[in-house]
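# Inside the fold
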Amino acid sequence: MKVISLLTDFGLKGYYVGAVKGVLTRICPDVKVIDITHNISKWDIREAAYVLSCCYRYFPSGTIHLVIVDPGVGTKRRGIVIKTKRYFFVGPDNGVLVPAALEDGIESIYSIENKELFLEDVSPTFHGRDIFAPVAARLARGINLESIGPRIMNIIFPSFYEPKIDMKNREVICEVIFIDEFGNVATNVKIDTLKRLNIKYGTKLEIKIQDKTLEVKLLPSFGYIDEGKPLALVNSCGRLELAINRGNAAEFLGIKPSDKIIIKVI
Amino acid sequence: MKVISLLTDFGLKGYYVGAVKGVLTRICPDVKVIDITHNISKWDIREAAYVLSCCYRYFPSGTIHLVIVDPGVGTKRRGIVIKTKRYFFVGPDNGVLVPAALEDGIESIYSIENKELFLEDVSPTFHGRDIFAPVAARLARGINLESIGPRIMNIIFPSFYEPKIDMKNREVICEVIFIDEFGNVATNVKIDTLKRLNIKYGTKLEIKIQDKTLEVKLLPSFGYIDEGKPLALVNSCGRLELAINRGNAAEFLGIKPSDKIIIKVI
Amino acid sequence: MKVISLLTDFGLKGYYVGAVKGVLTRICPDVKVIDITHNISKWDIREAAYVLSCCYRYFPSGTIHLVIVDPGVGTKRRGIVIKTKRYFFVGPDNGVLVPAALEDGIESIYSIENKELFLEDVSPTFHGRDIFAPVAARLARGINLESIGPRIMNIIFPSFYEPKIDMKNREVICEVIFIDEFGNVATNVKIDTLKRLNIKYGTKLEIKIQDKTLEVKLLPSFGYIDEGKPLALVNSCGRLELAINRGNAAEFLGIKPSDKIIIKVI
């Protein structure tokens with residue numbers, strides 16, 4: 001039995017998710033399709049790349065991660081399959097697959113070009129259903145990677161902002177990469193940056209967002225502070241996150257994805 | 001292994017979807033339940049009929065399409081099973097199943113009346129759980145269609161607005177049938193109408209919506225025009241659709257389902 | 001084949017649901033994971049307990065109900081497994097599992113303490129993924145309950161408001177426990193209370209909410225009254241519910257969860 005995970009920006013209102021799952025199940029009847037999410041902000045490649053990178057590794061080895069966040073659908077952008085150490089990644093060549101695939105270790109990349117694998121009629125607006133889903137389902141059935149199309153050596157890398165670390169002043173200029181439905185604000189600061197700056201549980205941090213400044217402590221979890229109070233924590237994806245115990249930090253801070261944050265040890 | 005697709009207006013907040021899936025799995029343990037959507041606008045039979053007609057055909061032959069959009073629940077409206085060439089459709093007799101079933105080719109229709117198939121206690125407000133789900137699950141187990149209830153020859157047809165085509169002026173008066181979460185505006189104009197009017201990629205169209213007029217070209221996909229610009233396209237369900245590349249056409253046009261649109265070749 | 005149902009307040013936007021399902025599937029490849037809902041109001045133990053109690057019983061015997069609504073995550077609150085007559089319940093010891101487990105009949109309770117069952121790195125903010133999911137998946141694989149941790153005799157009971165019944169005046173002071181996406185307003189009045197007060201279909205009720213008063217009849221279902229008119233009914237979970245035929249009762253009444261309602265037979 002093969003697992004296909006599904007990550008899209010389709011939303012849950014239309015026929016899009018149903019059609020993709022129908023195709024997957026028709027071509028590979030014993031596949032297990034697992035939704036990651038369909039609520040990626042429309043066309044937001046960075047958000048999709050972050051969400052994928054936070055959960056791909058929890059799936060069984062051999063899982064096919066099918067990602068359809070595809071603002072360039074119908075134009076000449078390529079579709080690709082990336083084989084990594086433990087997984088397959090299928091989706092558009094726009095950077096969305098790269099952070100997860102790199103972390104797992106890329107072994108080979110194929111350009112999706114073999115039209116025999118596609119549905120008979122390919123809609124120019126729905127490659128998810130007509131190209132990516134049939135290719136993912138055929139991978140689940142065990143086709144050769146070589147039959148997908150030519151092996152390629154170059155793919156598009158996403159232009160992610162890297163945090164700027166000032167070791168002397170123990171300061172990081174970073175960016176909001178994700179706000180979840182609790183209002184927790186994930187940054188692009190990873191746990192190794194915290195280690196380099198010797199930030200530990202209990203360390204006080206000054207947070208500057210636009211013209212606001214607040215002080216928080218790095219704490220293990222929400223419940224270590226009174227309800228309604230802000231804290232910093234290492235989130236379950238290994239990123240520095242700003243939160244409010246039982247509150248909505250994003251609303252409180254008036255902050256949105258891509259906003260810059262300056263974090264200083266005090 | 002049998003597939004049951006599930007299309008409802010339950011939303012995703014309550015216990016409704018969980019209860020239906022529980023019943024399906026209890027009665028037919030090896031069934032594969034695939035969500036189409038649960039976010040049909042409440043009681044919107046037309047929207048549900050459109051979404052079903054756009055994706056039913058991608059499922060494996062033998063799939064049981066279970067549709068619960070049922071404003072008349074608890075009254076004397078019938079429940080029905082329609083056997084078509086390749087599928088089974090289960091739901092209320094209110095027109096919601098008809099467009100998809102007609103397209104696939106209706107072979108026989110049964111009125112759901114055999115109470116032995118129902119759950120022991122039938123709630124007057126939740127036939128989805130207590131009547132439709134057990135019937136669908138028993139179909140998945142292979143019961144005889146005759147055991148469901150009497151074969152019937154008449155069902156309720158939905159009152160869908162048909163586009164009015166003026167061949168001389170190359171004009172169509174049509175209607176919005178669906179707005180997806182991207183804000184794309186699907187009309188009830190099918191691809192054969194476009195062919196009759198000799199509308200092709202590149203053809204300029206004048207679009208009149210209430211007191212607004214705009215000009216668009218029919219293009220293959222979003223990426224064929226600059227970001228923020230409007231276009232017309234044939235959507236992945238074969239309907240004429242108004243869209244904005246990386247924008248929300250419905251918001252821009254101030255338009256909602258059932259609004260009338262006049263489209264003229266210029 | 002084992003079934004795990006999943007009930008959380010994660011929402012559907014982040015990587016949370018995907019990560020949990022990945023873990024479940026990796027540890028127990030042939031498990032069938034069925035979503036109840038992920039849209040429980042954040043940290044709302046009462047709402048989650050109600051939704052669980054309304055649908056747990058429709059699942060196959062042996063189903064593992066995994067509930068992650070966990071405002072105390074990362075603090076010293078316990079994780080528990082409750083074995084009932086027909087099911088297993090896994091989640092935090094905060095009362096969320098209790099109403100359903102009590103109804104089915106509690107046989108034994110275990111404190112989740114055996115770290116060998118957990119994922120290697122336990123995030124203090126995501127016990128759902130790192131502790132509860134692996135324990136649920138291992139239950140699905142058939143581990144001994146004794147290997148989970150010590151058997152315990154006390155758990156936290158939820159502080160639910162019980163309706164106050166005034167038999168002489170045929171009056172109940174009750175509370176809103178759930179508002180679904182149709183705007184139907186479920187109260188904590190159960191069907192046996194209605195029987196004690198001799199409330200039947202057709203009985204007129206005076207409903208007082210804050211400074212508003214309205215009269216409704218108890219009717220079997222929505223369609224027994226004209227569109228736009230209010231009614232009372234016994235909902236599909238056996239509770240007294242206020243509704244409007246094809247309308248939104250919660251909006252109309254300006255009411256929200258936990259609001260008090262006085263219901264009087266007239």
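Rules of the game
Residues numbered from 1 in each chain as written. Chains lettered and ligands numbered in written order. Predicted model: local features only at pLDDT ≥ 70, side-chain atom pairs only at ≥ 80, totals over all residues. Helix = DSSP H or I, 4+ residues; strand = E, 2+ residues; numbered from the N terminus. Rg over C-alpha atoms; globule rule 2.2 N^0.38 Å. Buried ≥ 20, exposed ≤ 12 C-beta atoms within 10 Å, placed from the backbone. Contact = placed C-beta atoms within 7 Å. Pairing = 2+ DSSP bridges. Least-squares fit on C-alpha atoms with pLDDT ≥ 70 in both. Nonpolar A, V, L, I, M, F, W, Y, C, P; charged D, E, K, R; others polar. Expected span 1.5 Å × (residues − 1). Bend = angle between axes of the 7 residues up to and from the residue. Domains from an automatic or database assignment. Axes fitted to C-alpha atoms, helices over the stretch in contact; angles between N-to-C directions. Left-handed = near helix turned anticlockwise from the far one by under 90°. pLDDT = per-residue confidence, 0-100.

### Let's talk about the overall build of chain A
Looking only at helices and strands, one finds 6 helices and 15 strands in chain A. By the compact-globule yardstick of 18 Å for 266 residues, chain A fits well, its C-alpha radius of gyration being 20 Å. Put simply, chain A has 266 residues, and 52% of those count as buried. Pairs at least 24 residues apart make up 64% of the contacts formed inside chain A by residues separated by at least 6 positions.

### Regarding the sheet that holds strand β1 (residues 3–8) of chain B
Sheets are built from strands paired through backbone hydrogen bonds, the pairs being either parallel or antiparallel. With mixed pairing, 7 strands are arranged side by side in an open sheet as β2-β1-β3-β5-β4-β6-β7 (chain B). Of all strands in the sheet, those with a lone pairing partner are β2 (32–37) and β7 (151–152) of chain B, marking the two edges.

### Things to note about the interface of chain A and chain B
Taken residue by residue, the interface counts 27 residues in chain A and 26 residues in chain B. It is helix α1 (residues 16–27) of chain A that contributes the most residues to the side of chain A that touches chain B, 8 residues altogether.

### A closer look at the pairing of strand β12 (residues 212–217) of chain B
On any regular strand, side chains alternate: one points to one face of the sheet, the next to the other face. Residues and elements named next belong to chain B. For strand β11 (residues 204–209) and β12, the ladder comprises 6 bridges, and the chain directions are antiparallel. Paired with I209 across the two strands is K212, which belongs to β12. In textbook terms, the turn of a hairpin is the stretch between consecutive antiparallel strands, and for β11 and β12 this stretch comprises 2 residues, one of which, Q210, has a positive phi near 45°.

### Description of the relation of the copies chain C and chain B
Mapping chain C onto chain B calls for a screw motion: a turn of 120° about the axis and a shift of 0.0 Å along it, with 0.0 Å RMSD after fitting. Within this description, the copies of the chain are treated as partners about a three-fold rotation axis. When C-alpha positions in chain C are compared against the rotation axis, the closest is assigned to K32(C), at 5.2 Å.

### Here we look at the interface of chain C and chain B
On the side of chain B, 26 residues touch chain C, which itself brings 26 residues to the contact. Breaking the side of chain C that touches chain B down by element, the ones donating at least two residues are β1 (3–8), β2 (32–37) and α2 (45–55) of chain C. Among the elements that make up the side of chain C that touches chain B, the one with the highest residue count is β2(C) (4 residues). Taken together, the residues of the side of chain C that touches chain B sort by class into 15 nonpolar, 7 polar and 4 charged.

### A few points about the pairing of strand β9 (residues 171–179) of chain B
Residue and element names in this part refer to chain B. Here 3 bridges tie strand β8 (residues 164–166) to β9, and the two strands are oriented antiparallel to one another. Note that in β9 the partner of D166 across the bridge is E171. Here β9 runs beside strand β10 (residues 185–190); their pairing, made up of 3 bridges, is antiparallel. Paired with F178 across the strands is A186, a residue of β10.

### Considerations on helix α4 (residues 127–140) of chain C
Residues and elements named next belong to chain C. Taking 1.5 Å as the rise per residue, α4 with 14 residues should run 20 Å; its terminal C-alpha atoms sit 18 Å apart, in good agreement. By the largest-angle criterion, A133 marks the main kink of α4, which is about 35°, and a proline, P134, follows within four residues. By the criterion of burial, α4 is predominantly enclosed, with 13 of the 14 residues buried.

### Comments concerning the domain arrangement of chain A
Residues and elements named next belong to chain A. Taken domain by domain, chain A comprises domain 1 (3–152) and domain 2 (164–265). On a C-alpha basis, the centres of domain 1 and domain 2 stand 32 Å from each other. A breakdown of the residues in the side of domain 1 that touches domain 2 according to their chemical character gives 2 nonpolar, no polar and 2 charged.

### Looking at the environment of Q210(B)
Residues and elements named next belong to chain B. Tracing the sequence through the fold places Q210 in the loop between β11 and β12. Among the residues examined, Q210 registers 12 C-beta atoms within 10 Å and is labelled exposed. Residues Q210 and V172, spaced 38 residues apart in sequence, show a C-alpha to C-alpha distance of 15 Å.

### Section: the packing of helix α1 (residues 16–27) of chain C against α4(C)
A packed helix pair is summarised by two numbers, namely the angle formed by the two axes and the spacing between the axes. All names here are of chain C. Across the interface, α1 lies against α4 with an axial gap of 9 Å and an inter-helix angle of 35°. As α1 packs across α4, the resulting crossing turns out to be right-handed. For the pair formed by α1 and α4, the contact residues are A19, V20, V23, L24 and I27 on the first element and G128, R129, A133, P134, A136, A137 and R138 on the second. Each residue belonging to the contact of α1 with α4 can be placed in one class, and the counts come to 9 nonpolar, 1 polar and 2 charged.

### So, the sheet that holds strand β4 (residues 79–84) of chain A
All names here are of chain A. Strand order in the open sheet made by the 7 strands is β2-β1-β3-β5-β4-β6-β7, with mixed pairing throughout. Strand pairing shows two members of the sheet lacking a second neighbour, β2 (32–37) and β7 (151–152), which therefore form its edges. Pairing between strand β3 (residues 64–68) and strand β5 (residues 88–92): 3 bridges, direction parallel. Bridge pairing in β5 links L66 to V90.

### Some details on α1(C)
With 12 residues, α1(C) extends 17 Å between its outermost C-alpha atoms, agreeing within 8% with the 16 Å of an ideal straight helix rising 1.5 Å per residue. The buried fraction of α1(C) amounts to 12 of the 12 residues, a majority that puts the element mostly inside the structure. Among the residues of α1(C), those classed as buried are Y16(C), V17(C), G18(C), A19(C), V20(C), K21(C), G22(C), V23(C), L24(C), T25(C), R26(C) and I27(C). Among the structural elements, β1 (3–8), β2 and α2 (45–55) of chain A together with β1, β2 and α4 of chain C are those in contact with the buried residues of α1(C).

### Some thoughts on the environment of I4(C)
Residues and elements named next belong to chain C. Counting through the fold element by element, I4 comes out in strand β1. Residue classification places I4 among the buried residues on the basis of 25 C-beta atoms within 10 Å. A C-alpha to C-alpha distance of 5.8 Å links I4 and H65, two positions 61 residues apart in sequence. Each residue touching I4, except ones within four places of it in the same chain, is listed here: L24, V31, V33, I64, L66, A136 and A140.

### Quick word on the confidence of the model for chain A
Confidence along chain A averages 95 in pLDDT terms, with 100% of residues attaining 70 or more. We note a pTM of 0.95 for the whole complex and an ipTM of 0.94 for its interfaces.

### Considering the environment of R170(A)
Counting through the fold element by element, R170(A) comes out in the loop between β8 (164–166) and β9 (171–179). Sequence separation between R170(A) and S53(A) is 117 residues, and the spatial gap between their C-alpha atoms is 27 Å.

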